[in-house]
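Fold and geometry: a report
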Amino acid sequence: MSALTVEIEAAGYGPATVLRDVRFEVPDGGRLVVLGANGAGKTTVLRTISGLCDAVGSVRLGETELLGLPPYRVAGAGIAHVPQGRGTFGDLTVRENLLVGGATRPRREAVAAADRWMERFPRLGERSGRPASGLSGGEQQLLAIARAFMSAPRMLLLDEPSLGLAPKITTDLFATLDELGRETGTAMLLVEQNAEVALGIAEDAVVISSGRITVRGRADELRDNDDVRRAYLGV
Ligand code: ATP
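What counts, and where the lines are drawn
- Residues numbered from 1 in each chain as written.
- Predicted model: local features only at pLDDT ≥ 70, side-chain atom pairs only at ≥ 80, totals over all residues.
- Heavy atoms only, no water.
- Buried < 20%, exposed > 50% of the residue type's maximum accessible area, 1.4 Å probe, protein only.
- Helix = DSSP H or I, 4+ residues; strand = E, 2+ residues; numbered from the N terminus.
- Contact = heavy atoms within 4.5 Å.
- pLDDT = per-residue confidence, 0-100.
- Axes fitted to C-alpha atoms, helices over the stretch in contact; angles between N-to-C directions.
- Left-handed = near helix turned anticlockwise from the far one by under 90°.
- Nonpolar A, V, L, I, M, F, W, Y, C, P; charged D, E, K, R; others polar.
- Near = heavy atom within 4 Å.
- Polar contact = N/O pair within 3.5 Å; in protein donor to acceptor, adjacent residues only side chain to side chain.
- Areas by Shrake-Rupley, 256 points an atom, 1.4 Å probe, with all protein chains shown as cover.

Right, let's get into helix α3 (residues 94-101). Restricting attention to buried positions, one finds in α3 the residues V94, N97, L98, L99 and G101. Elements in contact with the buried residues of α3: α4 (107-120), α5 (122-125) and α6 (137-149).

What follows is the structure, encoded as structure tokens:
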């Protein structure tokens with residue numbers, strides 16, 4: 001069964017239409033990566049799903065129609081969105097950031113879940129009482145991801161998680177995402193500039209150019225596609 005069914009006829013910002021005819025599905029527990037040049041519309045796909053854009057069409061999580069819902073109800077339906085730039089709160093402590101992610105759960109449950117995530121990622125646990133602004137880029141991305149998992153989502157949206165991270169940190173981060181996906185069965189929709197690592201953990205991929213899907217296929221097929229290799233894999 002599909003976790004997410006996206007049938008966007010048009011989407012954008014007020015009169016500015018960015019996406020046209022963007023359709024894809026992500027199966028339960030599956031992973032799809034969205035590739036594309038700067039400004040192609042990748043972020044807009046995620047923002048449309050989260051209820052942050054004007055859109056015509058349908059976006060369903062399981063049987064639930066999400067288009068037209070305000071962002072907090074999209075989150076409540078089971079979507080967690082890690083935005084570009086991570087979106088952690090620098091003035092709040094690591095622990096407080098996690099608790100924000102669990103705000104829709106009963107307090108006691110959220111506290112226990114925050115403790116579990118800090119055990120899972122000792123680098124966060126060691127810094128639990130410190131402001132998030134003091135974390136390294138990789139640690140902040142880990143915090144953003146752990147915070148997203150605090151809501152026990154069915155589907156995780158990740159916008160360029162590798163942005164600004166060193167290659168080794170990026171490799172480790174994707175290995176962690178891969179592990180978390182397997183452990184929790186959470187489906188993932190990833191937007192990435194770093195096609196090599198993203199295609200490595202996804203089953204399916206689409207390429208967006210000027211707001212339309214121009215290539216789609218299995219991730220390993222796209223890795224062997226000459227156009228994709230030239231444009232996104234630096235070959
Ligand atoms: P990047 O990798 O640079 O983030 P992207 O593929 O994610 O690029 P989007 O951020 O989705 O691209 O932007 C797609 C188009 O939408 C761009 O032409 C951009 O100028 C336009 N756009 C983005 N945000 C807005 C906004 N708030 N209002 C109007 N137009 C916008």
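Alright, that's what it looks like, and here's the rest.
Glancing now at the environment of E196. Mapped onto the elements of the fold, E196 is located in helix α8 (residues 195-201). Classification of E196 as partly exposed rests on a relative accessible area of 40%. Taking the C-alpha atoms as reference points, E196 and A219, separated by 23 residues in sequence, lie 9.9 Å from one another.

Quick look at the confidence of the model for the protein chain now. Looking at the protein chain as a whole, the pLDDT averages 93, with 99% of positions reaching at least 70. What the predictor reports for the complex is a pTM of 0.93 with an ipTM of 0.92.

Here we come to the side chain of S162. Counting through the fold element by element, S162 comes out in the loop between β7 (155-159) and α7 (167-184). Residue S162 is classed as buried on the basis of its relative accessible area, which comes to 9%.

With that settled, the discussion passes to the packing of α3 against α6. One can describe the packing of α3 onto α6 by two numbers: an axis separation of 7 Å at closest approach and a directional angle of 35 degrees. Here α3 runs over α6; the crossing is right-handed. Within the contact between the two elements, α3 uses V94, N97, L98 and G101 and α6 uses L143, A146 and R147. Along the lines of polarity and charge, the residues of the contact of α3 with α6 split into 4 nonpolar, 2 polar and 1 charged.

Before going further, it helps to examine the site of the ligand. Neighbouring the ligand are 13 residues, the closest being G39, G41, K42, T43 and T44. Between the ligand and G41, the relevant distance is 2.8 Å, taken from an oxygen atom to a main-chain nitrogen or oxygen of the residue. Within the side chain of E160, a nitrogen or oxygen atom sits 3.3 Å from an oxygen atom of the ligand. In isolation the ligand has 630 Å² of accessible area, and contact with the protein removes 58% of it. Sorting elements by how many residues they give to the shell around the ligand places helix α1 (residues 42-49) first, with 3 residues. In terms of residue class, the shell around the ligand is made up of 4 nonpolar, 7 polar and 2 charged.

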